[in-house]
Amino acid sequence: QVQLGESGGGLVQPGGSLRLSCAASGSIVVIKSMGWYRQAPGKERELVAAITSGGTTNYADSVKGRFTISRDNAENTVYLQMNSLKPEDTAVYYCNADVKVRLWSGSTDYWGQGTQVTVSS
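Residues numbered from 1 in each chain as written. Predicted model: local features only at pLDDT ≥ 70, side-chain atom pairs only at ≥ 80, totals over all residues. Heavy atoms only, no water.

Chemist: Explanation requested: the pattern of salt bridges in the structure shown.
Modeler: In a structure, side chains of opposite charge can pair up when their charged atoms sit close to one another. Summed over all chains, the structure comprises four salt bridges. For Arg38, the salt bridge goes to Glu46, with nearest N and O atoms at 2.8 Å. Under the relative-accessibility criterion, Arg38 is labelled buried at 6%. The partner of Lys64 in a salt bridge is Asp61, with the nearest N and O atoms 3.1 Å apart. Counted as one network, the salt bridges with shared partners bring together Arg38, Glu46, Arg66 and Asp89. (Salt bridge = Lys/Arg side-chain N within 4 Å of Asp/Glu carboxyl O. Buried < 20%, exposed > 50% of the residue type's maximum accessible area, 1.4 Å probe, protein only.)

The following block contains the structure:
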C-alpha cells in the first residue's frame, strides 16, 4: 500500500499563510500526479490544485494567484503554499496521489486523512 502523510494545517488569520506538505511512502514506482482537494462543511470535495510528474499544474479559479503547488519528485512530496488566505478557504484539505505501484500495472488513486485549515480572525 501507499500512505500519504499530511502536515501543515492549522488556524490562521485572514491574509495569512500556511504551507501544507504531503509525503507519499510505500511501494512506489512513480507518482503520475499529486494534488490537494478540500471539503468545507455542507459542500462537496473540490480540487484545489494538482501537479503532474512533468510539472503541469491546475488550480481552482478561487485560489489562482494565491496558492502555489509544487513537488519534490525525488522525495515523493507535494507542497501547497497558501498565501492571502480567506475565510472561505476554511476546509479540510486532503492530499491525493495517482500512484503507480508496479511497473506492469496502472496507477491507483490514494488519499490522505485530511488536515484542517481554518481561516478566522
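So much for the structure itself; the text now carries on.
Chemist: Quick question: what am I supposed to make of the state of the cysteines here?
Modeler: Disulfides are covalent bonds that connect the sulfur atoms of two cysteines. Scanning all chains against the criterion turns up one disulfide. For Cys22, the disulfide goes to Cys95, at an S-S distance of 2.0 Å. Between Cys22 and Cys95, the disulfide has an S-S torsion of -85 degrees and is therefore left-handed. Highlighted residues: Cys22 in strand 3 (residues 18-26) and Cys95 in strand 9 (residues 91-100), separated in sequence by 73 residues. Cys95 gets classed as buried once you look at its relative accessible area, which sits at 0%. (Disulfide = S-S within 2.5 Å. Helix = DSSP H or I, 4+ residues; strand = E, 2+ residues; numbered from the N terminus.)

Chemist: Teacher, can you tell me more about the sheet that holds strand 8 (residues 77-82) here?
Modeler: Strands in a sheet are paired, the pairing made by backbone hydrogen bonds, and the direction either parallel or antiparallel. If you walk across this open sheet you meet the four strands as 1-3-8-7, and the pairing is antiparallel. Of all the strands in the sheet, just strand 1 (2-7) and strand 7 (67-72) have a single pairing partner and so form its edges. The average undirected angle you get between the axes of adjacent strands in this sheet is 15 degrees. Bridge analysis of strand 3 against strand 8 gives six bridges, and the strand direction is antiparallel. Looking across to strand 8, one finds that Leu18 is bridged to Met82. (Pairing = 2+ DSSP bridges. Axes fitted to C-alpha atoms, helices over the stretch in contact; angles between N-to-C directions.)

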